[in-house]
Amino acid sequence: MTAVLEIRNLHVSIDGKPILKGVNLTVRQGEVHALMGRNGSGKSTLAYALMGHPAYTVDEGQIIFDGQDLLEMEADARSRAGLFLAFQYPVAVPGVTLANFLRASINARRKEANPEDKGISIQEFRRLLMGKMQSLKVDPSFAGRYLNEGFSGGEKKRAEILQLATLEPKIAVLDETDSGLDIDALRVVADGINNLIGPNLGVLVITHYEQFLNYIKPQFVHVMYDGRVVEEGGFDLAEKIQAQGYDWVAEKYATA
Ligand code: ADP
Ligand code: MG
């Protein structure tokens, strides 16, 4: 069965201030979507609300994931159900190596699927990790480093894609995975995502640059303005943003 992430009329506030004002967005497993919009339009707020960050209050609306009410689930349950979130500013976890983090995550997913599961063996995990690291062009020593501690912008993004590759979620939301990357790193990360895209993975790429989208080629493009998705279309909409920027969006939807 195809997993669907359905966001219906989502209203989210931070400290009582409304940020999302009725977002509707549906992503199916196997589809590639882009969420674009100027800085401050609410893109990251949507990502945090999807993961259940406690500072983001859902005032109205629903999020249904794979037939379940996501808003009733804790953050770790959302992840185990197959929703993956890569954040714009990943947190450092001193004392936990990337390898241990990945192994624990894989085991949590396996246990969710089968409570009897004994976990992935060291050898199997090592083989899996080495293969994924090779395809992402990351140095094997990377796995022994503490998660995100002292990682460069490019390393953080590669670590995220490595997580995406090993966890095999149903739907992944990638918030500004392209930010802070030079052109070569951008291509490696985009290739990494492209290699994972297929019938089993749905992706929502959040970005305010269109350059990344030239590599990812989303089938569906959504543009956010002031807490709402105001424009939707195909890849041509991303090209329009590329050519004209966001001014026309602001002019069309600004309320006096
Ligand atoms: P985007 O990711 O599209 O740049 P954000 O979701 O980060 O936008 O921000 C949307 C709006 O919410 C902005 O006006 C921002 O100032 C506000 N905002 C975001 N995070 C917080 C926060 N922790 N506290 C207060 N306001 C916030
Ligand atoms: Mg953001």
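Residues numbered from 1 in each chain as written. Chains lettered and ligands numbered in written order. Predicted model: local features only at pLDDT ≥ 70, side-chain atom pairs only at ≥ 80, totals over all residues. Heavy atoms only, no water.

### Quick notes on the pattern of salt bridges
- For the coordinates displayed, the defined rule picks out 11 salt bridges.
- Here Glu112 and Arg80 are joined by a salt bridge, their closest N and O atoms 2.8 Å apart. Here Arg80 lies in helix 2 (residues 75–80) and Glu112 lies in helix 3 (residues 98–113), a separation of 32 residues in the sequence.
- A relative accessible area of 41% means that Glu112 is categorised as partly exposed.
- Judged by its relative accessible area of 25%, Arg80 is partly exposed.
- Residue Glu155 pairs with Arg145 through a salt bridge whose shortest N-O separation is 3.2 Å. (Salt bridge = Lys/Arg side-chain N within 4 Å of Asp/Glu carboxyl O. Helix = DSSP H or I, 4+ residues; strand = E, 2+ residues; numbered from the N terminus. Buried < 20%, exposed > 50% of the residue type's maximum accessible area, 1.4 Å probe, protein only.)

### Here's the deal with the nonpolar core
- Core analysis: the biggest nonpolar cluster contains 47 residues, and Met36, Leu129, Leu162, Leu174 and Phe212 have the highest contact counts within it.
- Formed by 31 residues, the second largest nonpolar core is a distinct cluster that contains Ile7, Leu25, Leu83 and Val229. (Core = buried A, V, L, I, M, F, W, Y, C linked by side-chain atoms within 4.5 Å.)

### Some thoughts on the layout of surface pockets
- Estimated volume of the largest pocket: approximately 660 Å³.
- Along the wall of the largest pocket there are 27 residues; nearest its centre are Met51, Leu85, Phe87, Phe101 and Gln163.
- Those elements giving two or more residues to the lining of the largest pocket turn out to be helix 1 (43–51), helix 2, strand 6 (83–86), helix 3 and helix 5 (153–167).
- Sort the elements by how many residues they give to the lining of the largest pocket and helix 3 lands first, with 5 residues.
- Residues that form the lining of the largest pocket fall into these classes: 18 nonpolar, 5 polar and 4 charged.
- The calculated volume of the second largest pocket comes to roughly 260 Å³.
- Taken together, 18 residues make up the lining of the second largest pocket; nearest its centre are Gly40, Ser41, Gly42, Lys43 and Thr45. (1 Å grid on protein atoms, 1.4 Å probe; cavity = no way out; pocket = protein on both sides within 12 Å on 5 of 7 lines; lining within 4 Å. Points joined across faces, edges and corners; volume = space filled by probe spheres on them. Nonpolar A, V, L, I, M, F, W, Y, C, P; charged D, E, K, R; others polar.)

### Considerations on the sheet that holds strand 3 (residues 32–36)
- Judged by pairing direction, the sheet is mixed, and its 6 strands sit side by side in the order 6-9-10-3-11-12 without closing on themselves. In this open sheet, the two edge strands, each paired with only one partner strand, are strand 6 and strand 12 (228–233). Between one strand and the next, the sheet's axes are offset by a mean angle of 20 degrees, whatever the strand orientation.
- Each of strand 3, strand 6, strand 9 (171–175), strand 10 (202–206) and strand 11 (220–225) is contacted by helix 1, which is oriented at about 140 degrees to strand 6, the strand it contacts most.
- Against the sheet, helix 8 (residues 235–244) engages strand 3, strand 11 and strand 12, with an angle of about 50 degrees to strand 11. (Pairing = 2+ DSSP bridges. Axes fitted to C-alpha atoms, helices over the stretch in contact; angles between N-to-C directions. Contact = heavy atoms within 4.5 Å.)

### Considering the environment of Pro18
- Looking at the secondary structure, you find Pro18 in strand 2 (residues 17–28).
- In this structure the C-alpha to C-alpha distance between Pro18 and Thr45, which are 27 residues apart in sequence, comes to 11 Å.
- Contact partners of Pro18, with chain neighbours within four places excluded, come to Val12 and Ser13.

### Concerning helix 1
- The buried count for helix 1 comes to 9 of 9 residues, which makes it a mostly enclosed element.
- All buried positions along helix 1 are accounted for by Lys43, Ser44, Thr45, Leu46, Ala47, Tyr48, Ala49, Leu50 and Met51.

### Thoughts on the site of ligand 1
- With respect to spatial proximity, the complete set of residues near ligand 1 consists of Ile14, Lys17, Ile19, Arg38, Asn39, Gly40, Ser41, Gly42, Lys43, Ser44, Thr45 and Tyr56.
- In the environment of ligand 1, an oxygen atom lies 2.8 Å from a nitrogen or oxygen atom belonging to the side chain of Lys43.
- Summarising the interface, the protein chains cover 62% of the accessible area of ligand 1, which totals 550 Å² for the free molecule.
- Of all the secondary-structure elements, those providing two or more residues to the shell around ligand 1 are strand 2 and helix 1. (Near = heavy atom within 4 Å. Polar contact = N/O pair within 3.5 Å; in protein donor to acceptor, adjacent residues only side chain to side chain. Areas by Shrake-Rupley, 256 points an atom, 1.4 Å probe, with all protein chains shown as cover.)

Honestly, that's just the spatial picture; any functional story needs more than this.
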